[in-house]
Structures are given as C-alpha cells and as structure tokens.
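Descriptive structure summary
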Amino acid sequence: MMQEMEYEIDLREIFEIIRKRIWIVALITVLSIAGSGIISYFILDPIFQTSTTLIVSKPNDEESMIQYSDVLLSQKLVKTYGEIIKSRSVSRQVIEQLSLDITPEQLKNMIAVSPVRDTEIVQIKVTLTNPVLASDIANKLAEVFMKEIKRIMKVDNVKVIDKAEIPLAPVKPRPKMNMLIAGFLGIMLGLGSVFLLEFLDNTIKTPNDIEKYLDLSVIGTIPFVDEKKADI
C-alpha cells in the first residue's frame, strides 16, 4: 500500500513539474513546428520523381518458343541491364543528346534502376528538381539503353511498357509529415528541458520541499502579505 502511495505521490510531482513549466514545452514545440514549416515550404527545393519501365525477354517467333529456363535467365540478367543503364557509355549519350551540362557521375546519382521482383521488367527512376527534365532523361535513358543492349548483348527484344510522364507533385519535402515529426520532437525536447531545469534547481520554495529535502518538520510559516492590499 505504501509503495502505491509513494508511486502516486511521485506521479503527482511529475505532473506538477510539467505544469509549472508547461510554457517551455509549448514554446519549443511551436518553434519546432514553425521552423520545420518554414524550411519545408520556403527553403528546401521540391524534388520530383518519374519512372519508365522496360521489359527485356527472348524473342518469340515460330522457330523459337520461349522456354521456362529462358524466362529465368532473363530475370537473372535484369541486374546486368541495370548496370548497363547506369554505365558511362549510356550516360554520355543521354547527356549529349539532351545537351545537359552535367557529368556522367552526376547523372548516375539522379538515376535508380531496380528490377521488378520475379519478372523480366526493369524500372528506371529519375529524381530531379525539374519535373520536365526528369521525364526527358528517363525516356532518353530507355531509348539509349535499347540501342546499347542490342549492341552489347545482341538482345533485340526490348520494349517500353510505360513511358515516363511529367510528375505533377513533388515526392519531397513533405511539409505536413516534417511538421508532425518536428512537433513530436519539440514535445520531447521541451519535456527534457523542463526536467533538466527542475533537476538543476536546488532552491527551497515550499514547506514540502523542506520536509522532502532536509528531513525537517515545519513548525510554522510566515504568510505573504501584499502591501497594497494591507494599506487598504
């Protein structure tokens, strides 16, 4: 029973500590949310992403039927196709044909190539601040790749499934999500600051503090008298 009482007292003390300095928590939270909103809306550049998908498989004609082993081989080669797409040979052609003022390494950093699991499909994603240019680069990469894969690996059955379209909305930053996270972190930081200040504050303010910290009984207290009211 005593343990429950002590726990309840400690819990009340915690709430009292927070109540005394709740303005600190509120201030830090508001500043965090406002700062995150300003950075997300006015400082960070919007990033757009678009993608195109290709399928690379063995040609199907009357003399050569597709076997299951051919499908498995094509699936395993998808990673190889991804490296070819990001190669300097392909990048240089894309840069030249689109008259881009960037290096192959910079272009490579804008590209993400990933196989669609258990398929012969390759997805090319381009992430850029310019949505129109991102779409142009993605489609040009697919075009150049289809020529290069035919030259390098003698594969001539490459088809575009979906062409890249101009993205209408940025993928980041996401202001609402950023502000939500900033608000949560602001609350945590505010609570941490409140308890730190309370820990550093070793002054005696109430009779309870005397009993708690000095282990002394309070015999009496001197009430505070407002001089203005006393004169009246």
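If you're wondering where the values come from, they're calculated on a predicted model, not measured in any experiment. Sequence positions are assigned chain by chain, starting from 1 and proceeding in written order. Local features in this predicted model are restricted to residues whose pLDDT is 70 or higher, and side-chain atom pairs enter the listing and the counts only when it is 80 or higher, whereas totals over whole chains, interfaces and linings include all residues. As a convention, hydrogens and water are excluded, and side-chain values are obtained from all of the structure's heavy atoms.

Observations concerning the overall build of the chain
Our working definition: For the purposes of this entry, the term helix denotes a DSSP run of H or I that reaches at least four residues, the term strand denotes a run of E that reaches at least two, and both are numbered from the N terminus. Each residue gets one of three labels from its accessible area relative to the maximum for its type: buried under 20%, exposed over 50%, partly exposed in between, using a 1.4 Å probe on protein chains only. What makes two residues a contact is simply this: any of their non-hydrogen atoms within 4.5 Å. Residue burial considers only the protein chains on display, and all accessible areas are found by Shrake-Rupley using a 1.4 Å probe.
Each helix and strand counted, the chain has 9 helices and 4 strands in total. Within the chain, the proportion of its 232 residues that are buried is 28%. In the chain, once contacts between residues fewer than 6 apart in sequence are set aside, the share between residues at least 24 apart is 76%. Total accessible area on the chain is roughly 16,700 Å²; 60% of this is exposed by carbon and sulfur atoms.

What about the nonpolar core?
Formally: We call a set of buried Ala, Val, Leu, Ile, Met, Phe, Trp, Tyr and Cys residues a nonpolar core when their side-chain atoms join them within 4.5 Å.
Of all hydrophobic cores here, the largest spans 29 residues; its most connected members are Y81, I85, L107, I137, L141, F145 and I149. Of all the elements in the fold, those that place two or more residues in this core are β1 (48–56), α3 (68–85), α4 (88–98), α5 (104–110), β2 (111–115), β3 (121–128) and α6 (131–153). It is α6 that contributes the most residues to this core, 8 residues altogether. Residues within four places of I149 in sequence aside, it is in contact with Y81, I84, K154, V155 and V158. Counting 5 residues, the second-largest nonpolar core is a separate cluster that includes I24, V25, I28 and V194.

With respect to the packing of aromatic side chains
Spelled out, the test is: Planes of paired rings set the category: under 30 degrees apart is stacked, over 60 is edge-to-face and the rest tilted, where pairs are Phe, Tyr or Trp rings (Trp by its six-membered ring) whose centres lie within 6.5 Å.
Enumeration according to the criterion identifies 2 aromatic pairs in this entry. Their ring planes at 55° and their centres at 6.5 Å tell us that Y41 and F42 sit as a pair that is tilted. Overall, F42 belongs to the exposed group, its relative accessible area being 70%.

Description of the pattern of salt bridges
Test applied: Salt bridge, as applied in this entry: a Lys or Arg side-chain nitrogen positioned within 4 Å of an Asp or Glu carboxyl oxygen.
Applying the stated criterion to the full structure yields 6 salt bridges. The partner of R19 in a salt bridge is E16, and the shortest N-O contact between them spans 2.6 Å. Here E16 and R19 lie together in helix α1 (residues 2–20), a separation of 3 residues that amounts to about one turn. With relative accessibility at 53%, the residue R19 sits in the exposed group. For E16, a relative accessible area of 34% corresponds to the partly exposed category.

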